[in-house]
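Chain by chain, the residues:
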Amino acid sequence: MKLTMLLVSAVLIVGAFAQKPTSKRPSLHQRKSAFLQRSKPRQNPNSPVPQGKRVEYVYCDPRSPPTCVKSLNETFCLKDVDYPEKDIKYYIAYDPLVGKKHADIGVQSADNLVDGVTSLEEKHFDYSLYNGSPFSRGHWVGGDGYICPSDVLYVRPKRALNVEGEWRVIVQDNYTQTQRFETCLFPGASCRTIAPCYRTKCVQKYIYHRMLSYDPCDVTKGLFIDIYKFPSACSCHTPKRFY
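Rules and cut-offs
Residues numbered from 1 in each chain as written. Predicted model: local features only at pLDDT ≥ 70, side-chain atom pairs only at ≥ 80, totals over all residues. Heavy atoms only, no water. Disulfide = S-S within 2.5 Å. Helix = DSSP H or I, 4+ residues; strand = E, 2+ residues; numbered from the N terminus. Buried < 20%, exposed > 50% of the residue type's maximum accessible area, 1.4 Å probe, protein only. Core = buried A, V, L, I, M, F, W, Y, C linked by side-chain atoms within 4.5 Å. Contact = heavy atoms within 4.5 Å. Pairing = 2+ DSSP bridges. Phe/Tyr/Trp six-rings, centres within 6.5 Å; stacked < 30°, edge-to-face > 60°. Patch = residues over 30% accessible without salt bridge, like charges linked within 9 Å, V, L, I, M, F, W, Y side chains within 5 Å. Areas by Shrake-Rupley, 256 points an atom, 1.4 Å probe, with all protein chains shown as cover. Salt bridge = Lys/Arg side-chain N within 4 Å of Asp/Glu carboxyl O.

### Digging into the state of the cysteines
Part 1: Scanning the entire structure with this criterion turns up five disulfides.
Part 2: Each sulfur of the disulfide joining cysteine 60 and cysteine 217 lies 1.8 Å from the other. On the S-S bond that ties cysteine 60 to cysteine 217, the torsion sits near -65°, and the link is left-handed. Taken together, the positions of cysteine 60 in the loop between α2 (28-39) and β1 (76-77) and cysteine 217 in the loop between β6 (201-214) and β7 (223-237) put the pair 157 residues apart, joining distant regions of the chain.
Part 3: For cysteine 68, the disulfide goes to cysteine 77, at an S-S distance of 2.1 Å. Between cysteine 68 and cysteine 77, the S-S torsion sits near 85°, and that sign places the bridge as right-handed.
Part 4: When its relative accessible area of 2% is taken as the criterion, cysteine 77 is described as buried.
Part 5: Each disulfide in the protein links cysteines that, numbered along the sequence, combine into the pattern 1-8, 2-3, 4-7, 5-9, 6-10.

Below is the structure:
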């Protein structure tokens, strides 16, 4: 009897060691929830809970301008107090392909983007005398600058409106994405130093950019490439002349 019991115990012990625990790696959403939960400040367990507090679902409209937008004409934000830094860090850490989705030239200026003009010269362009009228003194005289007065920025936007009319967060954490924006100061006005008889006008040009993005209204997308239209140049247009 004792021998039988010893044999049974030995079989159970061997079986217990033979069974290897199967551990399944948590899903992306489970890891994200755990990460964000660790990042939240801990509450005092002794603090009172407000009575009658209702937890309501807040609909996220991707077409609704974020708080960083100050006017309806703005299509991008350079500063954003609501930038989801924790979410961006998470997806960068857990996306093995993020390096292949991203490329950037961090240092950009007129030195490497504008032929014949240095960054120091571009920085000191002066359009203070120009007011958009071809019959004013400022049309003919003034400081150095482009024939069409423009505002040039070398920036890293935090949010932007994509070509579908939806707002996205631009990844600017660890991985930077620098852009050159050139916006007409007087769109539709006459080009400087050109006689009014030519009926010239300054026109805004745009360019499509592909940028690594994040959708705060649908976090299941992770990090992805989206397309945006940004101001790229202010050019002088001369229409067909009539003699």
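### Concerning unusual backbone geometry
Part 1: Here the phi dihedral of threonine 193 falls at roughly 65°; this positive angle occurs in a residue that is not glycine.
Part 2: Here threonine 193 lies in the loop between β5 (179-184) and β6.
Part 3: A positive phi is found at arginine 199, a non-glycine position, where the angle reads about 50°.
Part 4: Structurally, arginine 199 can be placed in the loop between β5 and β6.
Part 5: Looking at arginine 199, the relative accessible area reads 48%, which means it is partly exposed.

### Quick word on the nonpolar core
Part 1: Formed by Tyr83, Ile88, Tyr90, Tyr91, Ile92, Val98, Val169, Val171, Leu212, Tyr214 and Leu223, the largest nonpolar core amounts to 11 residues.
Part 2: Mapped onto this core, the elements with two or more residues apiece are α3 (85-94) and β6.
Part 3: It is α3 that contributes the most residues to this core, four residues altogether.
Part 4: When near neighbours in sequence (up to four residues on either side) are disregarded, valine 98 contacts Ile92, Tyr175, Leu212 and Leu223.

### Let's talk about the pairing of β6
Part 1: Direction of pairing for strand β4 (residues 167-170) relative to β6: antiparallel, over a ladder of two bridges. The partner of valine 169 across the bridge, within β6, is tyrosine 214.

### Brief notes about the sheet that holds β1
Neighbouring strands of a sheet are bound in pairs by backbone hydrogen bonds; such pairs are parallel or else antiparallel.
Part 1: Read across the sheet, five strands follow the order β1-β3-β4-β6-β7 without closing on themselves; strand pairing throughout is antiparallel. In this open sheet, the two edge strands, each paired with only one partner strand, are β1 and β7.

### A few points about the side chain of glutamate 122
Part 1: Within the secondary structure layout, glutamate 122 lies in helix α6 (residues 119-123).
Part 2: For glutamate 122, a relative accessible area of 10% puts it in the buried group.
Part 3: Dropping the residues within four chain positions of it, glutamate 122 is found in contact with Ala110, Val114, Val117, Tyr146, Val152, Tyr154 and Arg180.

### Re the packing of aromatic side chains
Part 1: In the structure shown here, the tally under the stated rule is 10 aromatic pairs.
Part 2: Between phenylalanine 125 and tyrosine 127 the ring centres are 6.5 Å apart and the planes differ by 65°, which places this aromatic pair in the edge-to-face class. With respect to class, phenylalanine 125 is no different from tyrosine 127; both count as buried.
Part 3: With a centroid separation of 4.9 Å and 85° between ring planes, the pair formed by phenylalanine 125 and tyrosine 146 is classed as edge-to-face.

### A look at a nonpolar patch on the surface
Part 1: On the surface, a cluster of nonpolar side chains totalling about 280 Å² of accessible area is made up of Leu129, Trp140 and Val141.
Part 2: One can find leucine 129 in the loop between α6 and β2 (150-155).

### Concerning the pattern of salt bridges
Part 1: Evaluated as defined, the whole model comprises 10 salt bridges.
Part 2: Ionic pairing is found between arginine 168 and glutamate 166, a salt bridge with its closest N-O pair at 2.7 Å. In this pair, the class of arginine 168 matches that of glutamate 166, namely buried.
Part 3: Among the salt bridges present, the one from aspartate 215 reaches lysine 221, with a minimum N-O distance of 3.2 Å.
Part 4: With relative accessibility at 3%, the residue aspartate 215 sits in the buried group.
Part 5: Through salt bridges that share partners, Glu166, Arg168, Asp215, Lys221 and Asp226 make up one connected network.

Nothing here speaks to function; it is all geometry.
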